[in-house]
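Structural overview
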Amino acid sequence: MNYARLTLLLFVFVSFFSNGQSEINFDDEKLLGRLETLSSDSFRGRKTGEKGNELARKFIVGEFKDLKVEPFGGKYEHLFDFKVEKKQLTGVNVLGWFKGYEKENEYIVVSAHYDHLGVIKGKVYNGADDDASGTAALFAFAEYLSKNPPKHSVILAAFDAEEMGLQGSKYFVDKMKNQKIIANINMDMISRSKKNELYLVGTRYSPKLDTIIKKFENPTATKLLIGHDGTDGKEDWTFSSDHGPFHKAEIPFLYFGDEDHPGYHKPTDDFKDITPEFYKNSVKIILSVFSEIDDKGL
């Protein structure tokens, strides 16, 4: 091999790895397949405390095991009790994690809620977008992290009872109050947008996250828009999902979601009505942002 060719190869190698980032890869078809499964009638709308919710939980635990995601705190299932309208209920968060190779005691929490509204007047509310989409994306994260070990420890959190007042995330944040969580990335409704628009909330509350997002190069054709954060006259989503308790605890967060659509909290939030390319692009964007945060820290 001559010197000029060797120099060229070294340049390509250094250019590819110099930013510390790895190519964002996950199985597109499995992403869609997992979403279709979680939002099928067999899970009966995944309402907290009901059989369909338990079946969804078993599915999540099974996927975590298959993907070699370690149980957090020695177990996948974390029970908590709460009251809704004077009724005592038990919810179950499903938590897995990847140990950071550089900052084991600093956590990035990637979250989605797996519960939904159940069956109402004989109609199954499958919640494909809300939030089987975010839950299925957790497995794409697992695929990526299994091949690209993170600097910071990463908790993959499938929260329960979001639809009953963010109960699962409230419990989690309280239990983790003595641990160092540097950021929460929350995914809730990321699979359905005819406008091909994914919204991002949270940068206004964290200058460091704001800097990362301003420099972020979107790897897809899907539009990433900052909004719904109390600055643009649109509905403010600052406390609208499981990122809310993190924000109250002064933990930096980024929330990714699409705008309300005709299926929102309706029995028509079905897999057949998602926009697949938007969904795949959304997951790629979120994974890319995560990679930047993990690489640069906060």
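These numbers come from a predicted model, not from an experiment.

Basis of the calculations
Residues numbered from 1 in each chain as written. Predicted model: local features only at pLDDT ≥ 70, side-chain atom pairs only at ≥ 80, totals over all residues. Heavy atoms only, no water. Helix = DSSP H or I, 4+ residues; strand = E, 2+ residues; numbered from the N terminus. Rg over C-alpha atoms; globule rule 2.2 N^0.38 Å. Buried < 20%, exposed > 50% of the residue type's maximum accessible area, 1.4 Å probe, protein only. Contact = heavy atoms within 4.5 Å. Areas by Shrake-Rupley, 256 points an atom, 1.4 Å probe, with all protein chains shown as cover. Lys, Arg positive; Asp, Glu negative; His and termini not counted. Charge placed at Lys NZ, Arg CZ, Asp CG, Glu CD. Pairing = 2+ DSSP bridges. Core = buried A, V, L, I, M, F, W, Y, C linked by side-chain atoms within 4.5 Å. Patch = residues over 30% accessible without salt bridge, like charges linked within 9 Å, V, L, I, M, F, W, Y side chains within 5 Å. Salt bridge = Lys/Arg side-chain N within 4 Å of Asp/Glu carboxyl O. pLDDT = per-residue confidence, 0-100. Axes fitted to C-alpha atoms, helices over the stretch in contact; angles between N-to-C directions. Parallel < 35°, antiparallel > 145°, perpendicular 65-115°, else oblique. Left-handed = near helix turned anticlockwise from the far one by under 90°.

1. So, the overall build of the protein
Within the protein, the secondary structure is distributed over eight helices and 11 strands. The C-alpha radius of gyration computed for the protein amounts to 19 Å, which stays within 12% of the reference 19 Å derived for 298 residues, consistent with globular compactness. Its C-alpha atoms give the protein principal-axis dimensions of roughly 75 × 40 × 40 Å. Relative to its 298 residues, the protein shows a buried fraction of 55%. Of the contacts formed within the protein by residues at least 6 apart in sequence, a portion of 80% connects residues at least 24 apart. Entry remark: accessible area of the protein is about 14100 Å², with carbon and sulfur atoms responsible for 51%. Averaging the positions of the 40 positive and the 46 negative side-chain charges in the protein gives two centres separated by 2 Å.

2. A few points about the pairing of strand β11 (residues 253-257)
Across the five residues of β11, five count as buried, placing the element largely inside the fold. Where burial is concerned, the two faces of β11 agree: the one with F253, Y255 and G257 and the one with L254 and F256 are both buried. Of the pairings in the sheet, the one linking strand β8 (residues 180-187) to β11 comprises four bridges and is parallel in character. Residue N184 lies in a different strand from β11, and its bridge partner there is F253. Looking at chain direction, strand β9 (residues 197-201) and β11 are connected through three bridges and run antiparallel. From the neighbouring strand, Y199 faces β11, where its bridge partner is G257.

3. Here's the deal with the nonpolar core
The biggest cluster of nonpolar side chains holds 59 residues, and the ones touching the most others in it are V110, L156, I190, F256, Y279, V283 and F290. Among the elements that take part in this core, helix α4 (residues 128-147) stands out by supplying 11 residues, more than any other. The residues contacting F290, other than those within four sequence positions of it, are I108, V110, F141, Y144, L145, P150, V154 and I185. With 14 residues, the next largest nonpolar core counts F72, V109, A157 and F172 among its residues.

4. Regarding a negative patch on the surface
Negative charge collects at one region of the surface, where D232, E235, D236 and D260 lie side by side. Here E235 is to be found in the loop between β10 (223-226) and α7 (243-248).

5. Here's the deal with the confidence of the model for the protein
Considering every residue of the protein, the mean pLDDT works out to 93; 93% of them sit at 70 or more. In this model residues 1-20 is a low-confidence stretch, pLDDT under 50, and it forms five contacts with partners more than four residues away in sequence or in other chains.

6. Brief notes about the pairing of strand β2 (residues 77-84)
Where β2 lies against strand β3 (residues 87-98), eight bridges are found, and the strand directions are antiparallel. By the bridge assignment for β3, V84 is matched with K87. Between β2 and β3, which pair antiparallel in sequence order, lie two residues; one of them, E85, sits at a positive phi of approximately 50°.

7. Considerations on the packing of helix α2 (residues 28-38) against helix α8 (residues 276-296)
Close contact between α2 and α8 brings their axes to 11 Å; oriented N to C, the two are set at 110°. Considering the angle they form, α2 stands roughly perpendicular to α8. Judged by the sense of rotation from one axis to the other, the crossing of α2 with α8 is right-handed. Between α2 and α8, the contacting residues are D28, L31, L32 and L35 on the first element and P276, Y279, K280 and V283 on the second.

8. Re unusual backbone geometry
Omega for the bond connecting D130 with D131 falls within 30 degrees of zero, at 0°, which places this linkage in the cis form. Tracing the chain through its elements places D131 in helix α4. Not every positive phi belongs to a glycine, and E85 is a case in point at roughly 50°. By the element assignment, E85 lies in the loop between β2 and β3. Here the phi dihedral of A161 falls at roughly 60°; this positive angle occurs in a residue that is not glycine.

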